[in-house]
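In case you want the letters, here they are:
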Number of protein chains: 2
Amino acid sequence: MELTQHEVADRLGISRGTLHRVLSGSPLVKASTRQRIEKALSEIGYSPNIIAQGLRTGRTRTIGLIAIGDAKISEMEKARAIHEAARLRGYSLVLTYSDGSAEGEARCVDELRSRKVDGLIVTGKGRLQDSAHFKKLIKARVGLVAIAPIATLETDCVVVDAPWAYGEMTRHIISKGHRDIGLLLEDIQSTYAIAKEKGVADALAAAGLPVNKDWMLRVPVRVRREEADKVRSVSDYRMGYDGALKFFAMSRRPTAVICQSDQTAIGFQHAAKLNNVDVPGEVALTGYDDIPAAEFARVPLTTMRQPEAELGVRAVELLMRRMEGDWSGFPQMVVLRPTLIERESCSRPKSET
Amino acid sequence: MELTQHEVADRLGISRGTLHRVLSGSPLVKASTRQRIEKALSEIGYSPNIIAQGLRTGRTRTIGLIAIGDAKISEMEKARAIHEAARLRGYSLVLTYSDGSAEGEARCVDELRSRKVDGLIVTGKGRLQDSAHFKKLIKARVGLVAIAPIATLETDCVVVDAPWAYGEMTRHIISKGHRDIGLLLEDIQSTYAIAKEKGVADALAAAGLPVNKDWMLRVPVRVRREEADKVRSVSDYRMGYDGALKFFAMSRRPTAVICQSDQTAIGFQHAAKLNNVDVPGEVALTGYDDIPAAEFARVPLTTMRQPEAELGVRAVELLMRRMEGDWSGFPQMVVLRPTLIERESCSRPKSET
DNA sequence: ATGAAAGCGCTAACAC
DNA sequence: GTGTTAGCGCTTTCAT
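Residues numbered from 1 in each chain as written. Chains lettered and ligands numbered in written order. Predicted model: local features only at pLDDT ≥ 70, side-chain atom pairs only at ≥ 80, totals over all residues. Heavy atoms only, no water.

**Notes on the interface of chain B and chain A**
Now for step 1: Tallying the contact residues gives 68 residues for chain B and 68 residues for chain A.
Now for step 2: Surface buried jointly by chain B and chain A totals about 6,300 Å² across both partners, of which 55% is contributed by carbon and sulfur atoms.
Now for step 3: A per-residue breakdown of the area chain B buries against chain A is headed by Arg80, Arg115 and Phe296 of chain B, which together make up 14% of the total.
Now for step 4: Inspection of the chain B/chain A interface yields 4 salt bridges.
Now for step 5: For Lys116 of chain A, the salt bridge is made with Glu2 of chain B, and the minimal N-O distance between the two is 3.4 Å.
Now for step 6: Between chain B and chain A we count 27 residue pairs in polar contact (both at pLDDT 80 or more) in total. (Contact = heavy atoms within 4.5 Å. Buried area = accessible area lost by both parts, 1.4 Å probe. Salt bridge = Lys/Arg side-chain N within 4 Å of Asp/Glu carboxyl O. Polar contact = N/O pair within 3.5 Å; in protein donor to acceptor, adjacent residues only side chain to side chain.)

Put into structure tokens, the structure is as follows:
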């Protein structure tokens, strides 16, 4: 069915060497020959067997993708951009998922190594449990780009400037007249969580506002795997709900709460409604990410829109450089900034004092 | 670095043939020899080169995945389940995205064919624009399972029983005392949309209720690609919003509206809020899918939870059969049923008449 | 029950 | 400039 180079060469009355030179764009072919062959080639509709190429060259022109942790729509958007960027360069994507456990990660790495991928991109909100597998890869000079900051791993990464983003949101809230500002994060000490905390604290300090430790709230995540056949990522919503209740139980409450994500802010709004707390009147809120639902939340969310697609594209570009053997500046960190989106969840406080 | 079968055979003092027989579980090996070799093998940590296997056998043990249309969280959940099911059988996933255009689909098919995938799974809410490429595949007896009903294509598929589901929701609403029931769908004549319409109409008829044509609303989808680096699927929310306004403009309105999706119902609620229409008091609503946000909507949504993971698993199982050469019952349709989830968006109507 | 050898379709090194 | 050839690591057929 599919023609081989051998057959094509015979059919055109040339040698396989010449045919290969035409295919690979080598200059060592007479222009007239090249033209004649190229024409015939497109008529025949020949395209080389990628598997054989892979065996021969040791390069498969594939990129492995590891998605860690819960399913999130943002991963989908990144993956789409990654596919597009990779495709334009002749690369395909091999997709793997890890549940976030150390074994899950090991399985992904093993699968991708056995598939002989030329490079890897790690994404997802989960943290790396066991970096041993990854360290081995890095030592072997296999390109590995993380779309997330990974403190435990010295590798290239593409990250969002979370300290700046949370500083920006803090400044925005302050500009609205708020002085009593809270922060709601999950209780996991991820690199991003620490960065977010710092972003808020620094902005508060820069504005001469005190940091109320009680309001820098950390709430445990209740992960709930529902039926065995379902993976629903409701944990962030739930965390926002739980956090809201903790804030409501305080004798003195902030007038604005910066949330870890849009889901958190939406969960917070849910609790606010059930407790007759007005948003943004009694508590202003900001989300983070600008998921599609943010615009249609009970009170539309002021939030930071993530450059999901660009994160993916930059990751591919960086990985490409490594795969071409250019290891200058390793480990490199590409930092991107999100965009403030103003909606109704964060307005000026009711005049209190 | 990686050992080859040749090297391993030499090292163990056996022939490559015998080694291969051990590896492939052939019975033509003396038990003692087999044991000795297996032990040595696991010590060495040898694993065969998948690329070379692929070249030799013509089977790559890979499944191609085509995601069509906008990024949705449900695709992510399916993909995760597909990966798990495939991995357990020694298969890997090659991921491609189509923007929903005919060219996008052609590119995906070409990419996967050039990668020599053993089978394909098509998923996503978009419809197939041009089925010519796919028809070619099917004719060539390449396994192709669609996780969606594709009217224009005779192939295996795994689908949700939408007529039943929408009938079920209709019966649920009727049981709550509603008699004036509307349906809100996008204006695209997809197989699912037609099925949903029929499900509602049949249930209404079965209950002896008249079908009000004006209330079987079809609303155009406003697709909005925001910045070039973003793919945000807000179209479904927007459609719900638009649809709500149309309902509100009617002189006589239904007391309950069945929506195409949770996003649609959430968009509807948004419009209801802005127009001071009480949900569920003045209009009860049902969603569809049970996305994570459904539980945390302004009014938590009564909806139908999709068996996303099972859809993926069943697709892999069916594809597996085809890849093994078992074409019995082609084209086969696997039908799965979603589960009714009761929340607050759909209660009994305010007593009218 | 085991060993030897011939390719799968391609690339790269070497001849002419 | 062009043709020839030797493998990449594996599976499969044929011999023993």
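Still more ground to cover, so stick around.
**Regarding the nonpolar core**
Within soluble globular proteins, side chains that are nonpolar tend to cluster in buried spots.
Now for step 1: With 92 residues, the main nonpolar core has Ile121 of chain A together with Ile121 of chain B as its most contacted residues.
Now for step 2: Not counting chain neighbours up to four residues away, the residues in contact with Ile121 of chain B comprise Ile63, Gly64, Leu65, Ile66, Ile82, Val145, Ile147, Ala315, Val316 and Leu319 of chain B.
Now for step 3: One finds Leu217 and Val277 of chain A together with Ile266 and Phe296 of chain B within the second-largest nonpolar core, a separate group that totals 60 residues. (Core = buried A, V, L, I, M, F, W, Y, C linked by side-chain atoms within 4.5 Å. Buried < 20%, exposed > 50% of the residue type's maximum accessible area, 1.4 Å probe, protein only.)

**Observations regarding unusual backbone geometry**
Leaving glycine out, the prevailing phi sign among residues is negative, and the prevailing peptide bond configuration is trans.
Residue and element names in this part refer to chain B.
Now for step 1: Of note, the bond from Val279 into Pro280 is cis; its omega dihedral lies within 30 degrees of zero at 5°.
Now for step 2: Pro331 follows Phe330 through a cis peptide bond whose omega is -10°.
Now for step 3: Within the element layout of this structure, Pro331 appears in the loop between α12 (308-323) and β11 (333-336).
Now for step 4: Notably, Asn276 is not glycine yet its phi reads approximately 55°, a positive angle.
Now for step 5: Considering the arrangement of structural elements, one finds Asn276 in the loop between α11 (262-274) and β9 (284-286).
Now for step 6: A relative accessible area of 67% places Asn276 in the exposed class. (Helix = DSSP H or I, 4+ residues; strand = E, 2+ residues; numbered from the N terminus.)

**Some points on the sheet that holds strand β6 (residues 181-186) of chain B**
Picture the strands of a sheet paired through backbone hydrogen bonds; they go either parallel or antiparallel.
All names here are of chain B.
Now for step 1: Sheet architecture is open: 4 strands sit in the order β7-β6-β8-β9, paired in parallel fashion. The two strands at the open ends of the sheet, each matched to only one other strand, are β7 (216-219) and β9. Taking each pair of neighbouring strands and ignoring which way they run, the sheet shows an average axis angle of 20°.
Now for step 2: As judged from the 4 bridges shared by β6 and strand β8 (residues 256-259), these two strands associate in the parallel manner. Along β8, the bridge assignment pairs Ile181 with Ala256. (Pairing = 2+ DSSP bridges. Axes fitted to C-alpha atoms, helices over the stretch in contact; angles between N-to-C directions.)

**Comments concerning the protein's contact with DNA strand D**
Now for step 1: The environment of DNA strand D is made up of 23 residues, and the closest members are Thr18 and Arg21 of chain A together with Gln5, Tyr46 and Arg56 of chain B.
Now for step 2: Counting only atoms of DNA strand D within 4 Å of the protein, the fraction found in sugar and phosphate groups is 59%.
Now for step 3: A distance of 2.3 Å separates a base oxygen of DNA strand D from a polar atom in the side chain of Arg21 of chain A.
Now for step 4: Within the side chain of His20 of chain B, one N or O atom sits 3.3 Å away from a phosphate oxygen of DNA strand D.
Now for step 5: At the level of elements, α2 (16-23) and α4 (50-57) of chain A together with α2 (16-23) and α4 (50-57) of chain B are the ones that each hand at least two residues to the surface near DNA strand D.
Now for step 6: When grouped by side-chain class, the residues that make up the surface near DNA strand D number 7 nonpolar, 10 polar and 6 charged. (Near = heavy atom within 4 Å. Nonpolar A, V, L, I, M, F, W, Y, C, P; charged D, E, K, R; others polar.)

**A closer look at the sheet that holds strand β9 (residues 284-286) of chain A**
Residues and elements named next belong to chain A.
Now for step 1: Read across the sheet, 4 strands follow the order β7-β6-β8-β9 without closing on themselves; strand pairing throughout is parallel. The sheet is open, and its two edges are formed by β7 (216-219) and β9, each paired on a single side. Adjacent strand axes in the sheet meet at a mean angle of 20° when their direction is disregarded.
Now for step 2: Packing of helix α10 (residues 235-248) onto the sheet brings it into contact with β6 (181-186), β7 and β8 (256-259), and relative to β6 it is tilted by some 140°.

**Structural notes on the side chain of Ser98 of chain A**
Now for step 1: Mapped onto the fold, Ser98 of chain A is located in strand β2 (residues 92-98).
Now for step 2: Relative accessible area serves as the criterion here: at 1%, Ser98 of chain A is assigned to the buried category.
Now for step 3: With sequence-adjacent residues up to four places away left out, Ser98 of chain A is seen in contact with Ile66, Ala67, Ile68, Gly69, Gly104, Glu105 and Cys108 of chain A together with Arg80 of chain B.

**As for the protein's contact with DNA strand C**
Now for step 1: Lining the immediate environment of DNA strand C, one finds 22 residues, of which Gln5, Tyr46, Gln53 and Arg56 of chain A together with Arg21 of chain B sit closest.
Now for step 2: What you see for DNA strand C is that sugar and phosphate hold 61% of its atoms within 4 Å of the protein.
Now for step 3: A distance of 2.8 Å separates a phosphate oxygen of DNA strand C from a polar backbone atom of Lys30 of chain B.
Now for step 4: Arg56 of chain B is positioned such that a nitrogen or oxygen atom in its side chain is 2.7 Å from a base nitrogen of DNA strand C.
Now for step 5: Elements that contribute at least two residues to the surface near DNA strand C include exactly α2 and α4 of chain A together with α2 and α4 of chain B.
Now for step 6: The greatest single-element share of the surface near DNA strand C, amounting to 4 residues, is contributed by α4 of chain A.

**Observations concerning the packing of helix α5 (residues 73-88) of chain B against α12 of chain B**
Residue and element names in this part refer to chain B.
Now for step 1: Their axes nearest at 7 Å, the elements α5 and α12 cross at an angle of 40°. In terms of orientation, α5 lies oblique with respect to α12. Crossing handedness for the pair α5 and α12: right-handed. Where α5 abuts α12, its residues Ser74, Glu77, Lys78, Ala81, Ile82, Ala85 and Ala86 lie against Glu308, Ala309, Leu311, Gly312, Val313 and Val316.
Now for step 2: Looking at the contact of α5 with α12 residue by residue, the classes come out as 8 nonpolar, 2 polar and 3 charged. (Parallel < 35°, antiparallel > 145°, perpendicular 65-115°, else oblique. Left-handed = near helix turned anticlockwise from the far one by under 90°.)

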